[in-house]
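# Fold and contact review
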Amino acid sequence: MLRRFLVAFLIAIFGLVSVPVTVPHFQTEAVAQTKKVKRDDRSLLQRLFGGKPRQERPLFGGSKIIRKLKPKKKTPREPAAVPIIEVQTKNPDARKVLVIGDFIAGGVAWGLEQAFANEPKIVIVDKSDANSGLVRIDQTDWNTLLPAQLNELQPDLVVVALGANDRQQMRGDNARSAIRSNSWEAAYTQRLSGLTDTLKLYGRPFFWVGAAPMRQTQAAADMNYLNDLFKPRVDRAGGHFVDVWSGFANEEGRYITSGPDVEGQTRQLRTGDGINFTRAGRLKLAFYVEREIRRQTGFGSGGVDLLATVTQGNQIEIAPDGTKRLVGPIISLNNPLPGSSGELAGATPPTAPTEESLQFKVIVKGEALPEIAGRVDDFVWPPRPAAVVIPAKAPEPLADAGGAPIPQARPEGVAN
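These numbers were taken from a predicted model, which means no experiment stands behind them.

### Structural notes on the overall build of the chain
From N to C terminus, the chain includes nine helices and 11 strands. For the chain, the residues scored as buried account for 31% of the 416 residues in total.

So this is what it looks like as structure tokens:
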């Protein structure tokens, strides 16, 4: 009996819950359809005893956490790409700057072309060989090639950059010697001294670009070792050693990839291999050389040119025993240089000879000089006595500082 009562009670409760909401009679069907019925998402117990519906949570990860996004840091603006300056047409009589050496010299030549791009009185002549050095002379023997280039080009000054390819064994007489060994250093310094002696004999200013640090520790140590060989021999030959080490190293003297360029902006100066230079690095290399050139020679617009013009015709000759000498200039006696003249500066122009003058008779007409007895061209036999010209009146005797007359010399054969 009790069970039937509970079942009837539950059915009554469910009936009340499911009773639809009746619409009042005064509302039309159209109006009723426009009204929204709010959905009740509560459970049965929440409906009986009250309460709010449970919020849905994600299946995984627990409660949802809302995080505030941090503002992005402003990255420093990268400097613009290095511009390339168009090189102006050079004057025919422009000063020649000869650049020789390895691939570093090629970069220096390009940088100098940019540095002097707007100066028509200076031209850069790049004669570098990327694979050359002072160790492998079978590739390029600069001690043989340089004199020929100097004789042909007659440069006003020379820039040298070598050493980047010289970190290798020295070959000779079926033997090899390692870098820094006594035999290696003896052969290397001999070739180095031969090159500096040629530049000294040529007599024009020359600039030797020092080696820069490399990324590998041993390579950087070898470059520093080569600089110790370069500098004293360049100084002894009267050249200018351009030290660029500090421009590509940190405060401790170690290799850096990026650093300030010629304008003070931070740029990448070295390439990924740790040896070569980027465009900004090559411009910085050339900056050190350009600064030394202007300081020593006065080259450039607005400066005073301190160098005399190169005497054309100078030649460097190498004897069979290896000795060198500077020969020239060779000047033709019957074909003077253009623009040459025998007149003295400031002298009054000579008057043209008359037809009655001795100069006109002898040079123009071709007449013989008048015979004078006793002169060297008097061939009369027997010899005639030399003619003596006695002045009509003896000149007044000169007096010394004390007033006493100075005795006058008389011609031989004249009686007192």
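### Comments concerning the environment of Tyr 202
Along the polypeptide, Tyr 202 turns up in helix α6 (residues 182–202). Note: C-alpha distance between Tyr 202 and Leu 150 (52 residues apart in sequence) is 7.8 Å. A distance of 2.8 Å separates a polar atom in the side chain of Tyr 202 from the backbone oxygen of Pro 155.

### Observations regarding the sheet that holds strand β3 (residues 157–161)
Taken in spatial order, the five strands line up as β2-β1-β3-β6-β7 in an open sheet, and their pairing is parallel. A strand with exactly one partner marks an edge of an open sheet, and here the two such strands are β2 (122–126) and β7 (240–242). Direction aside, the axes of adjacent strands within the sheet are offset by 20 degrees on average. As defined by bridge partners, strand β6 (residues 206–209) adjoins β7 across three bridges and the pair is classed as parallel. Bridged to Val 209 within β7 is Val 242.

### Points about the packing of helix α5 (residues 142–153) against α6
Following both chains from N to C, one finds α5 and α6 inclined at 15 degrees, their axes separated by 9 Å at the closest point. Relative to α6, the element α5 lies roughly parallel. Note on packing geometry: the crossing formed by α5 with α6 is right-handed. Seen from α5, the contacting residues are Trp 142, Asn 143, Leu 146, Pro 147 and Leu 150; seen from α6, they are Arg 191, Gly 194, Leu 195, Thr 198, Leu 199 and Tyr 202.

### Considering the side chain of Gln 149
When you line up the elements, Gln 149 lands in helix α5. Here Gln 149 falls in the buried class, since its relative accessible area comes to 9%. When sequence neighbours within four positions are dropped, the list of residues in contact with Gln 149 reads Leu 98, Ile 100, Lys 127, Trp 142 and Gln 154.

### A look at the packing of helix α4 (residues 103–115) against helix α8 (residues 279–297)
Relative to each other, α4 and α8 sit at 70 degrees, their axes nearing to 7 Å. Regarding the angle of α4 to α8, the classification is roughly perpendicular. Two secondary-structure elements touch here, α4 through Ile 104, Gly 107, Val 108, Trp 110, Gly 111, Leu 112, Gln 114 and Ala 115 and α8 through Arg 279, Arg 282, Leu 283, Leu 285, Ala 286, Val 289, Glu 290 and Arg 294. Across the contact of α4 with α8, the residue classes break down as nine nonpolar, three polar and four charged.

### What about the pairing of β3?
With five of its five residues buried, β3 lies for the most part within the structure. Residues Leu 157, Val 159 and Ala 161 point to one face of β3 and Val 158 and Val 160 to the other, with burial holding for every one of them. For strand β1 (residues 95–101) and β3, the ladder comprises five bridges, and the chain directions are parallel. Of the residues in β3, the one forming a bridge with Val 99 is Val 159. Sheet analysis places β3 next to β6, joined by three bridges and oriented parallel. When the sheet's bridge partners are listed, Val 158 is paired in β6 with Phe 206.

### What about the confidence of the model for the chain?
Low pLDDT means the predicted coordinates in that region are not meant to be read closely. Across the chain, the average pLDDT comes to 80, with 67% of residues at 70 or higher. Confidence over residues 21–34 falls short of pLDDT 50; this stretch has two contacts with residues more than four positions distant or in other chains.

### Some remarks on the nonpolar core
Across soluble globular proteins, nonpolar side chains show a tendency to be buried alongside one another. One finds Leu 112, Val 159, Tyr 188 and Trp 208 to be the most contacted residues of the largest nonpolar core, which totals 68 residues. Apart from residues no more than four positions distant in its own chain, Trp 208 is found in contact with Val 160, Leu 162, Leu 192, Leu 195, Thr 196, Phe 230, Val 234, His 240, Phe 241 and Val 242.

### Looking at the packing of aromatic side chains
A complete count under the given rule lists six aromatic pairs for this structure. The interplanar angle of 40 degrees and the centroid separation of 6.5 Å between the aromatic rings of Tyr 188 and Phe 230 together place this pair among those described as tilted. On the criterion of sequence distance, the pair formed by Tyr 188 in helix α6 and Phe 230 in helix α7 (residues 217–236) is long-range, its members being 42 residues apart. Here Tyr 188 and Phe 230 have matching classes, each one buried. Taking the centre distance of 5.2 Å and the plane angle of 45 degrees together, the rings of Trp 208 and Phe 230 count as tilted. With Trp 208 in strand β6 and Phe 230 in helix α7, this residue pair connects regions lying 22 residues apart in the sequence. Note on Trp 208: relative accessible area 0%, which makes it buried. Given a relative accessible area of 0%, Phe 230 falls into the buried group. One residue, Lys 284, lies across the ring of Phe 248, its end atom 5.5 Å from the ring centre.

### A word on the environment of Gln 168
With respect to the helices and strands, the residue Gln 168 is situated in the loop between β3 and β4 (170–172). Between the C-alpha atom of Gln 168 and that of Ala 178, which follows or precedes it by 10 residues, the distance is 7.0 Å. When near neighbours in sequence (up to four residues on either side) are disregarded, Gln 168 contacts Val 135, Arg 136, Ile 179 and Trp 184.

### A word on unusual backbone geometry
The phi torsion at Gln 154 lies on the positive side, around 50 degrees, for a residue other than glycine. Position of Gln 154 relative to the elements: it lies in the loop between α5 and β3. With relative accessibility at 8%, the residue Gln 154 sits in the buried group.

### So, the environment of Gln 218
Locating Gln 218 in the fold gives a position in helix α7. Residues contacting Gln 218, with those up to four places away along its chain left out, are Arg 167 and Arg 180.

### Some words on the pattern of salt bridges
Per the counting criterion, the structure on display carries 10 salt bridges. Residues Asp 222 and Arg 167 are paired through a salt bridge, measuring 2.8 Å at the closest nitrogen-oxygen approach. One end of the pair, Asp 222, is in helix α7; the other, Arg 167, is in the loop between β3 and β4, with 55 residues separating them in the sequence. A salt bridge links Glu 292 to Arg 295; the shortest N-O distance between them is 3.5 Å. Note that Glu 292 and Arg 295 are positioned in helix α8 at a spacing of three residues, about one turn of the helix. Given the relative accessible area of 15%, Glu 292 is considered buried. Residue class for Arg 295 comes out exposed when judged on its relative accessible area of 52%.

About the cut-offs
Residues numbered from 1 in each chain as written. Predicted model: local features only at pLDDT ≥ 70, side-chain atom pairs only at ≥ 80, totals over all residues. Heavy atoms only, no water. Helix = DSSP H or I, 4+ residues; strand = E, 2+ residues; numbered from the N terminus. Buried < 20%, exposed > 50% of the residue type's maximum accessible area, 1.4 Å probe, protein only. Polar contact = N/O pair within 3.5 Å; in protein donor to acceptor, adjacent residues only side chain to side chain. Pairing = 2+ DSSP bridges. Axes fitted to C-alpha atoms, helices over the stretch in contact; angles between N-to-C directions. Parallel < 35°, antiparallel > 145°, perpendicular 65-115°, else oblique. Left-handed = near helix turned anticlockwise from the far one by under 90°. Contact = heavy atoms within 4.5 Å. Nonpolar A, V, L, I, M, F, W, Y, C, P; charged D, E, K, R; others polar. pLDDT = per-residue confidence, 0-100. Core = buried A, V, L, I, M, F, W, Y, C linked by side-chain atoms within 4.5 Å. Phe/Tyr/Trp six-rings, centres within 6.5 Å; stacked < 30°, edge-to-face > 60°. Lys NZ or Arg CZ within 6 Å of the ring centre and 35° of its normal. Salt bridge = Lys/Arg side-chain N within 4 Å of Asp/Glu carboxyl O.

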